[in-house]
Amino acid sequence: MAWRLICDRGQQVWKYLKNENSTSIDFDKENSNSADKVYRAYAIQQNYKPLDIDESQYETLKIPIFKEEFSVSAVKSVLNAINYYSSLQVEDGHWPGDYGGPMFLLPGAIITAHVTKFYFTEEQKYQMIRYLFNHQLDDGGWGTHIENKSTMFGTVLNYISLRLLGIHFDDQRIQNAYNFIQREGGAMYAPSWAKFWLCVLGVMPWEGINSLFPELWLLPEWLPVHPSRYWCHCRMVYVPMSYVYAEKIVGETSSLIKELQNELYVDNYENIDFTKHRNTINSLDLYAPQTTLLKILNFFTNAYENIYNRQLRNKASEFLINYIEAEDEQTNYIDIGPVNKFINMLSIWHSKGRQSKQFELHLNRVNDYLWLSEDGMKVQGYNGSQLWDTAFSIQAILETGLAHLYNNCLNSAYNYLDISQVLEDVKDYNKFYRHISKGGWPFSTRDHGWPITDCTAEGLKTTLLLHEQIFNCPRAITSDRLEYAVDFILSTQNKDGGWASYELQRSGSWIEYLNPAEVFNGIMVDYSYVECTSACVQSLCKFRLQIHCSNYRRKDIVVSIHRGIEFIKNSQRIDGSWYGSWAVCFTYGTWFAIEALVTAGESTKSKIINEAVKFLLSKQNLDGGWGESYLSCVYKSYIHHEQSQVTNTAWAVLSLMSAKADSIAIQKGIRFIINKQCSNGDWNQQGISGVFNGNCMISYTNYRNIFPIWALGRFIKNNSTK
Ligand code: LAN
C-alpha cells in the first residue's frame, strides 16, 4: 500500500494504491514546516543516483577548473545540487512540490464535503486528521498559517474540521482546542471569513454576518465601488460568497451540528443575539480592522436586508450563478484558487443539484488541491506552483553555464513551458471582467489558465534562454507565441509604470477602506509590485535583444521598460531596500529590483544600487548568511530570523553579484550555502518563504534547491570568466 503522486500535464493527484509497496517514509513529523519528504523520498528512490562526476572528468565535460579550493567546492556543491534536484522533475517537465502553508483552506473543503455529501476516502481523511493534529499548537489552537501563533480564524475552522472528520468531543486534543475557543470568547470572536463557513454549516444563523449585499453586482459598472474593479482573487471569492449569502445556503441539521452549536459558544446557542456580534472579533486575529467607513456602509446594507426586493435579489443570484459557471468552465472546474473552488462547488450543488454534470466535474478537480507530505494531507494555496518553479529551476540551472550537462532535463522543462502557455482568450472575456489571456503563462497549469504578469514574464524569459542555450531545442514555442506573450505583458502595464499580478489596477487604494476581511491586507486592489514589475522589465529587455524579434513593437517595448524602471526606482525605501509582497521579504524584493535595474543598464556604481548594496550588507550575519523572519512581511520592516536562511542568503548573494559588490561578503554567503548543504545535494527545509496579503505565509519547498543552485551557478560562472 502506498501513496503515489500521479502527474499529467502539470495536474498533480495523490493516489492511494493498495497493491504497491510503500517506501520507508518518515510520516511522523511534529508541527513544523513540511520538508516534502513523502514526494521526495519516492522520487529519489526512483530517479536518484549519487553524483558520479569527479574532477578527472571536468575537462572533457567542459566544467570550469579552478585552482583555488573554495571555487572547486562551489563547483562540486552545484553539481551535487543539480544532480539531486533533477531527480525530482516529473515526466511532463515540471518540478512538483508542497504548496501548503495556510491553515484556513482545508476547512473549506471539509465543510463543503459535509454539506454537499461528497466523501473523501478513508485514507485521505486519516491523513487530514494527522495534518490537523500535527499543526495544533500547545495552547490548543491553530494559527492562520503553519508558523503562526493561534488565531480564532485557524482554531475555530480546524476544530470544526476535526469534529466533522469524526474526532470525538472527549478526545483530549479536541478538549484543548475547545478550551482555547471558550477562553477566547467563543466562535463569534472569529473573523468574517470563518463566520461565513459557520453559517454554511448551520452553526451560526446568517444574521451573524454583515450583509454581503449581492445587489452590488447589479450597480452600474462605472461606479468606482463596482466589484469588477477588485483584485481578481477578492472578486472571485466575493462572487460565490454573495451567491451563497443571497440563497442563504445551509447544510442539514444533525445531532453533530447541534453538538457543535453547543461547543462553539460560551453562552447557550439559543440565547445568543448573533446580530450584535457581526463585528465582534478577537484581537488575536485583527490585522486589517474594519474601518469606520465600512461600518457605516454595513449599517445600511444590513438595514437593506430587512426590506430587500425579492425580484432584484433573484436577478443578482442569477447573475452570480452565471458568473460562477463561467469561471468553472474557464478554469476546467479548478477555479482561480482554493477558496472560490469550494464555494463555487457549494453554489453549483445548490443550483444544479448533487447529481448534475457540473457537480461531477467539480468533484473531478478536488484532488488537484490536495497535497500529501509527512505532516499529512492539506489543501494547497493553489493547484500547485508548477510553471513558476519550473521557470526558476531552468534559470538556476542555466546560470551555471553547464546547460550541456543537463540537456534532457532542460528539454523536458521546455516541454512544460510549451504545454502551459495560454493560447487564447476566454470566451466573451469582457462579460465577466476578464483581461485578455492569449500569450500569457499561468502560475500552475494550462487547465487553470488564469495568466499572471510575472509568470508570463518568467515563461517568456526562460523560453528565450532555452532557445539560445540548449542543444536540439524543438522550438515548439514559435515567434508569434512569443509576440503574444509580449502583447500580454504590454497590455498589463499600469499607469504608474509598474505591473500588478493578474490584471491592470482597476481602482485606487482608497477602496481598501472597504476591505471586509479583517485578517488580510491589500486584497481589494491589484497594485503594482516590484517583483512583477522587475520580471516584466527583465523579460522585455531579453526579448528586445533577440535578433529575429528585434523589431516587434520595438518602440512600445523601449517606452515600457523605461516606465517600469522608473516605477522600481520610485519604490525604493529610505534604507535602500524594496518590500517584497510575495516572499520573505526585503531580501526578495531587493533581489528583484536589483536584477531589473542591472538588466536595464543601470550602472552598478549608481546611487540607487549602492544604497541597495549597503542595505544588504548591513543585514549579513556573522555566519555569512542572511536570515529574515516572516514577520518582516507582516510588520513591513526588516526583522531578523533566529537563524540564517539558505533562501534569503541566495537572494542576497545573487543581488550582490549582479551589483558587482564586495567579493568577501559574497564569498562568505556562498560558503554559508555550501556548508548548509546535505550530502545528497539537498538542503534542509528552514523557515517558510512565501507570503500573500501581508499576513498569510505559504510554502515554496523547491526554493531551498532552486535559489542555492542559482547563486552557486552565478558564482562559478563569474569566477570562471574573470
Ligand atoms: C499567489 C501565488 C503566485 C504569486 C506570484 C506569481 C509569485 C506573485 O509574483 C504574484 C502573486 C501570485 C500570483 C499569488 C497571489 C496570491 C495567491 C493567489 C498566491 C500567493 C497563491 C495563493 C494566494 C491566494 C490569494 C490564496 C487564497 C486566499 C485568499 C485571500 C483569497
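All chains use their own residue numbering, which begins from 1 and follows the written sequence. Local features in a predicted model are, by the rule used here, given only for residues with pLDDT of at least 70; side-chain atom pairs are given and counted only at 80 or more, and totals for whole chains, interfaces and linings are based on all residues. Excluded from the side-chain calculation are hydrogens and water; included are all heavy atoms of the structure.

Draft legend 1. Up close: the UniProt feature "domain: Squalene cyclase N-terminal" (unreviewed entry) in the protein chain. UniProt positions are given in the numbering used here, feature names are shortened, and annotations may be inferred rather than shown by experiment. UniProt's feature table lists "domain: Squalene cyclase N-terminal" (unreviewed entry) at residues 80–334, given in the numbering used throughout. By definition, any uninterrupted DSSP run of H or I lasting at least four residues is a helix, any uninterrupted run of E lasting at least two residues is a strand, and each is numbered from the N terminus. Secondary structure within residues 80–334 divides into 49% helix and 0% strand; the distance between the first and last C-alpha atoms comes to 37 Å.

Draft legend 2. Layout of helix H20 (residues 586–599). Under the 1.5 Å per step criterion, the end-to-end length of H20 is 20 Å for 14 residues, consistent within 8% with the ideal 20 Å. Of all the 14 residues making up H20, 12 are buried; the element is thus mostly covered by neighbouring parts of the structure. For H20, the full list of buried residues reads Phe586, Thr587, Tyr588, Gly589, Thr590, Trp591, Phe592, Ala593, Ile594, Glu595, Ala596 and Leu597. Within two residues after H20, Gly601 carries a phi angle of roughly 100 degrees, on the positive side. Given a helix with a known number of residues, its expected span is that number minus one, times 1.5 Å. Each residue's exposure class comes from its accessible area (1.4 Å probe, protein chains only) as a fraction of the maximum for that residue type: buried when under 20%, exposed when over 50%, partly exposed otherwise.

Draft legend 3. Quick look at the packing of helix H4 (residues 122–134) against helix H5 (residues 152–164). All axes are obtained by fitting lines to C-alpha atoms, using only the stretch in contact for helices, and the reported angles, taken between N-to-C directions, cover 0 to 180 degrees. Look at H4 against H5: their axes get within 10 Å of each other, and the N-to-C directions meet at 145 degrees. The two elements H4 and H5 meet at a crossing, and its hand is left-handed. Between H4 and H5, the residues in contact are Ile129, Leu132 and Phe133 and Asn158, Ser161 and Leu162, respectively. For this classification, the nonpolar set comprises Ala, Val, Leu, Ile, Met, Phe, Trp, Tyr, Cys and Pro, the charged set comprises Asp, Glu, Lys and Arg, and every other residue, Gly included, is treated as polar. Looking at the contact of H4 with H5 residue by residue, the class counts come to 4 nonpolar, 2 polar and no charged. Take the far helix as your reference; a near helix turned counterclockwise from it by less than a right angle gives a left-handed crossing, and one turned clockwise gives a right-handed crossing. Contact between two residues is taken to exist if any of their heavy atoms lie within 4.5 Å; hydrogens are not considered.

Draft legend 4. Structural view of the domain arrangement of the protein chain. The source of the domain bounds is an automatic or database domain assignment. The domain architecture assigned to the protein chain consists of domain 1 (105–379) and domain 2 (386–719). A separation of 33 Å is found between the C-alpha centroids of domain 1 and domain 2. In this complex, domain 1 contributes 45 residues to the contact, which on the side of domain 2 involves 42 residues. Each of two parts loses accessible area, computed with a 1.4 Å probe, when they are put together; buried area is these two losses added. Each partner contributes to the roughly 4,000 Å² buried at the junction of domain 1 and domain 2, and carbon and sulfur atoms together form 61% of this total. We count a salt bridge whenever a side-chain nitrogen from Lys or Arg sits within 4 Å of a carboxyl oxygen from Asp or Glu. One can count 2 salt bridges joining domain 1 with domain 2. A salt bridge links Arg235 to Glu503; the nearest nitrogen and oxygen atoms lie 2.9 Å apart. Polar contact is the term for a pair of N or O atoms within 3.5 Å; when the atoms are in protein, one must be able to donate a hydrogen and the other to accept it, and sequence-neighboring residues count only if both atoms are side-chain atoms. For the interface between domain 1 and domain 2, the tally reads 24 residue pairs in polar contact (both at pLDDT 80 or more). Breaking the side of domain 1 that touches domain 2 down by element, the ones donating at least two residues are helix H7 (192–201), helix H8 (232–247), helix H10 (292–304) and helix H11 (310–330). Of the residues belonging to the side of domain 1 that touches domain 2, the class tally is 24 nonpolar, 13 polar and 8 charged.

Draft legend 5. Structural view of the site of the ligand. Near residues are defined by distance, with any heavy atom within 4 Å of the molecule or strand qualifying the residue. Neighbouring residues of the ligand: 19 residues in total, closest Tyr99, His233, Gly381, Phe443 and Asp454. Within the side chain of Asp454, a nitrogen or oxygen atom sits 2.3 Å from an oxygen atom of the ligand. Only the protein chains shown count as cover for residues, with accessible areas throughout obtained via the Shrake-Rupley method and a probe of 1.4 Å. Protein coverage of the free-state accessible area of the ligand, which is 630 Å², stands at 99%. Among the secondary structure elements, those contributing two or more residues to the shell around the ligand are H8 and helix H16 (453–469). Per-domain counts for the shell around the ligand show at least three residues from each of domain 1 (105–379) and domain 2 (386–719).

Draft legend 6. Highlighting unusual backbone geometry. Its identity is not glycine, yet Lys248 carries a phi of approximately 45 degrees, on the positive side. Note that Lys248 resides in the loop between H8 and helix H9 (255–263).

Draft legend 7. Seen up close, the pattern of salt bridges. For the structure on display, the rule yields 31 salt bridges. As a salt-bridge pair, Asp556 and Arg553 come within 2.9 Å of each other at their nearest N and O atoms. One salt-bridge network, held together by shared partners, links Glu215, Lys248, Glu305 and Arg313.

Draft legend 8. Quick look at the packing of aromatic side chains. Between 30 and 60 degrees the pair is tilted, below 30 it is stacked and above 60 it is edge-to-face, where a pair is any two Phe, Tyr or Trp rings, Trp via its six-membered ring, whose centres lie within 6.5 Å. Inspection of the entire model under this criterion finds 59 aromatic pairs. Each ring, one from Phe104 and one from Phe520, has its centre 5.5 Å from the other, and the planes form 55 degrees; the classification is tilted. Residue Phe104 is found in the loop between helix H2 (69–86) and helix H3 (106–116), and its partner Phe520 is found in the loop between helix H17 (479–491) and helix H18 (530–545); the two are separated by 416 residues along the sequence. Each of the two residues, Phe104 as well as Phe520, counts as buried. Aromatic side chains Phe299 and Phe300 sit 5.5 Å apart centroid to centroid with 80 degrees between the ring planes, which places their arrangement in the edge-to-face category. For Phe299, a relative accessible area of 58% corresponds to the exposed category. Its guanidinium or amino end placed over the ring of Trp450, Arg434 lies 3.6 Å from that ring's centre, counting from NZ or CZ. A ring is scored as having a charge over it whenever the NZ atom of a lysine or the CZ atom of an arginine sits within 6 Å of its centre and within 35 degrees of its normal. Cation over ring: Lys438 sits above Tyr484, and NZ or CZ is 4.2 Å from the ring centre.

Draft legend 9. Structural view of the environment of Lys357. Secondary-structure assignment places Lys357 in helix H13 (residues 357–364). Sequence separation between Lys357 and Phe672 is 315 residues; the distance between their C-alpha atoms is 55 Å.

Draft legend 10. Focus on the pairing of strand S3 (residues 370–373). What you see with S3 is no split at all: Leu370 and Leu372 on one side and Trp371 and Ser373 on the other are buried throughout. Pairing of S3 with strand S4 (residues 376–379), which is carried by 4 bridges, proceeds in the antiparallel orientation. Bridging from a neighbouring strand, Trp371 pairs with Lys378 of S4. In this scheme, strands are said to pair when DSSP sees at least two bridges between them. Where S3 folds back onto S4 in an antiparallel hairpin, the turn is made up of 2 residues.

Draft legend 11. Local environment of the side chain of Thr155. Checked against the element boundaries, Thr155 lands in helix H5. In this structure the side chain of Thr155 is engaged in a polar contact, spanning 3.0 Å, whose partner is the backbone nitrogen of Trp142. Leave out the neighbours within four places in its chain, and Thr155 touches Gly140, Gly141, Trp142, Ser150, Ala177, Phe180 and Ile181.

Draft legend 12. A look at the pairing of strand S1 (residues 2–8). One ladder, built from 7 bridges, connects S1 with strand S2 (residues 11–17); its direction is antiparallel. Opposite Asp8, over in S2, you have Gln11 as the bridge partner. Counted between consecutive antiparallel strands, the loop separating S1 from S2 contains 2 residues, among which Arg9 sits at a positive phi close to 45 degrees.

Draft legend 13. Here's a closer look at the nonpolar core. Counting residues in hydrophobic clusters, the biggest one holds 240 residues, and the most contacted among them are Ile160, Leu264, Tyr265, Phe520 and Phe707. Shared between two domains, this core takes at least three residues from each, and those domains are domain 1 (105–379) and domain 2 (386–719). Only buried residues count toward a nonpolar core. Its members are Ala, Val, Leu, Ile, Met, Phe, Trp, Tyr and Cys residues joined through side-chain atoms within 4.5 Å.

Draft legend 14. Spatial organisation of H18. Helix length check: H18 (16 residues) gives 23 Å between terminal C-alpha atoms against 22 Å at 1.5 Å per residue, within 8%. Counting buried positions along H18 gives 14 out of 16 residues, so the element sits mostly inside the fold.

Draft legend 15. Molecular detail of the environment of Asn680. Following the sequence through the fold, Asn680 ends up in the loop between helix H24 (663–675) and strand S9 (690–692). Residue Asn680 is classed as partly exposed on the basis of its relative accessible area, which comes to 28%. Put simply, Asn680 and Glu247 are 433 residues apart on the chain and 55 Å apart in space, counted from C-alpha to C-alpha. Among residues more than four places away in sequence, those in contact with Asn680 are Tyr48, Asn80 and Tyr84.

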